[in-house]
Amino acid sequence: MAAVSGGGPRTTGVRVGPIDLAARVDEALAVQAVAFGLGAEEVEVRRHIVLRHLDHPHARALGALTPRDRLVGFVYGMPNERGHWWSTVVEPYLRATGGAHWLDDSFVVTELHVHPDFQNQGLGRALITTLTDAVPEPRSILSAIDTDSPARGLYHSLGYQDLARQVVFPSAPKPYAVMGAPLPLLRT
């Protein structure tokens, strides 16, 4: 595992580094299911989405692993392409706020999840900063549920700003905010 940037996690023994997310997709989705309260049907839908994303030649994934190799957090993303489903959904919202240019030359943080037992220990920060530190794009974009949450607080502390709010994704029960930040991300 590579050394952790961004200050590193405060959880003793947990290391952040590259993982084969396709090989560990079920473990990762188990973390996401606990963090988001997802049912088995939703997990299966997301499994296919994650595996399809990982086919992108420039997709990158990191995991947070305990000394016993338990995956307790993960992040992945890829360079944005306007033809991707996510971009086609958010583009009208970004166009309306004058932010459509954020879709160009950006790295999308597609998913970031930490098991609730390991949250508030610096793992999310270590995962996202380590991931984005290694990309050539000058900025990063992501979407997060549009509510005051610890995740949005983390993103704001890293320099992400709201680009569009109340973004509705098909079949998502809650609206999202699209956020963007110049790279490298801020350090506290």
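The preceding data block contains the structure.
Per chain, residue numbering runs from 1 following the sequence as it is written. Note on the predicted model: pLDDT of at least 70 is required for a residue's local features to be given, and 80 or more for side-chain atom pairs to be given and counted; whole-chain, interface and lining totals, by contrast, use all residues. Side-chain measures were taken over the full set of non-hydrogen atoms in the model, leaving aside hydrogen atoms and water.

Peer 1: Give me the lowdown on the nonpolar core, citing residues and values where you can.
Peer 2: One finds Ile128, Tyr155 and Tyr160 to be the most contacted residues of the largest nonpolar core, which totals 28 residues. The helix and strand labels rest on DSSP assignments: H or I over at least four residues marks a helix, E over at least two residues marks a strand, and numbering proceeds from the N terminus. For this core, the elements supplying multiple residues, two or more each, are strand S2 (60-65), strand S3 (71-79), strand S4 (106-114), helix H4 (123-133), strand S5 (139-145), helix H5 (150-157) and strand S7 (176-182). For this core, the element with the most residues is H4, which contributes 5 residues. Once residues within four sequence positions are removed from consideration, Tyr155 is found in contact with Leu112, Ile128, Leu142, Ala144, Tyr160 and Met179. To qualify as a nonpolar core, a set must consist of buried Ala, Val, Leu, Ile, Met, Phe, Trp, Tyr and Cys residues joined through side-chain atoms within 4.5 Å. Three labels apply to residues, based on accessible area from a 1.4 Å probe with only protein chains included: buried if under 20% of the type maximum, exposed if over 50%, partly exposed otherwise in between. Grouped together as the second largest cluster of nonpolar side chains are 14 residues, Leu103, Ile141, Val167 and Val178 included. Pairs of residues are marked as contacts when any of their non-hydrogen atoms sit within 4.5 Å.

Peer 1: Got a sec to walk through unusual backbone geometry? Specific residues and values, please.
Peer 2: The linkage connecting Leu183 with the following residue, Pro184, adopts the cis geometry, with an omega of 0 degrees. Mapped onto the secondary structure, Pro184 falls in the segment after S7. In this model, Asp69 sits at a positive phi of 70 degrees, which is unusual for a non-glycine residue. We classify Asp69 as partly exposed; its relative accessible area is 42%. One non-glycine residue with positive phi stands out, namely Asn120, at about 65 degrees. You can see Asn120 is positioned in the loop between S4 and H4.

Peer 1: Let's hear about the environment of Gly159: which residues, and what values?
Peer 2: Residue position: Gly159 is located in the loop between H5 and strand S6 (161-167). Owing to a relative accessible area of 13%, Gly159 belongs among the buried residues under this scheme. Setting aside chain neighbours within four positions, we find Gly159 in contact with Gly180, Ala181, Pro182 and Leu186.

Peer 1: For the sheet that holds S7, give the residues involved together with the corresponding values.
Peer 2: Strand pairs in the sheet, formed through backbone hydrogen bonds, run parallel or antiparallel to each other. Sheet architecture is open: 7 strands sit in the order S1-S2-S3-S4-S5-S7-S6, paired in mixed fashion. The strands lining the two open edges of the sheet, one partner per strand, are strand S1 (15-18) and S6. Neighbour to neighbour, the strand axes of the sheet diverge by 20 degrees on average, direction disregarded. Throughout, an axis means a line fitted to C-alpha atoms (over the contacting stretch in the case of helices), and angles, computed between N-to-C directions, take values from 0 to 180 degrees. The strands touched by H4 within the sheet are S1, S2, S3, S4 and S5, with S4 carrying the most contacts at an inclination of about 155 degrees. Here the rule is simple: two strands pair whenever DSSP picks up at least two bridges between them.

Peer 1: Before we move on, could you go through the side chain of His115 and cite the residues and values that matter?
Peer 2: Summarising the element assignment, His115 is placed in the loop between S4 and H4. You can call His115 buried: its relative accessible area is 13%. Counted as a polar contact is a pair of N or O atoms within 3.5 Å, where, for protein atoms, one must be capable of donating a hydrogen and the other of accepting one, and residues adjacent in sequence contribute only when both atoms are in side chains. Within the local environment of His115, its side chain forms a polar contact with the backbone nitrogen of Asp117, the two atoms lying 3.0 Å apart. Excluding residues that lie within four positions of it along the chain, His115 makes contacts with Val31, Val34, Arg70 and Val72.

Peer 1: Give me the environment of Trp102: which residues, what numbers.
Peer 2: Along the polypeptide, Trp102 turns up in the loop between helix H3 (85-96) and S4. Taking the C-alpha atoms as reference, Trp102 lies 7.9 Å from Arg139; in sequence the two are 37 residues apart. Residues contacting Trp102, with those up to four places away along its chain left out, are Arg139, Ser140, Ile141, Leu163, Gly180, Ala181 and Pro182. Here His101 takes part through its side chain, which lies 3.5 Å from a polar atom of the side chain of Trp102.

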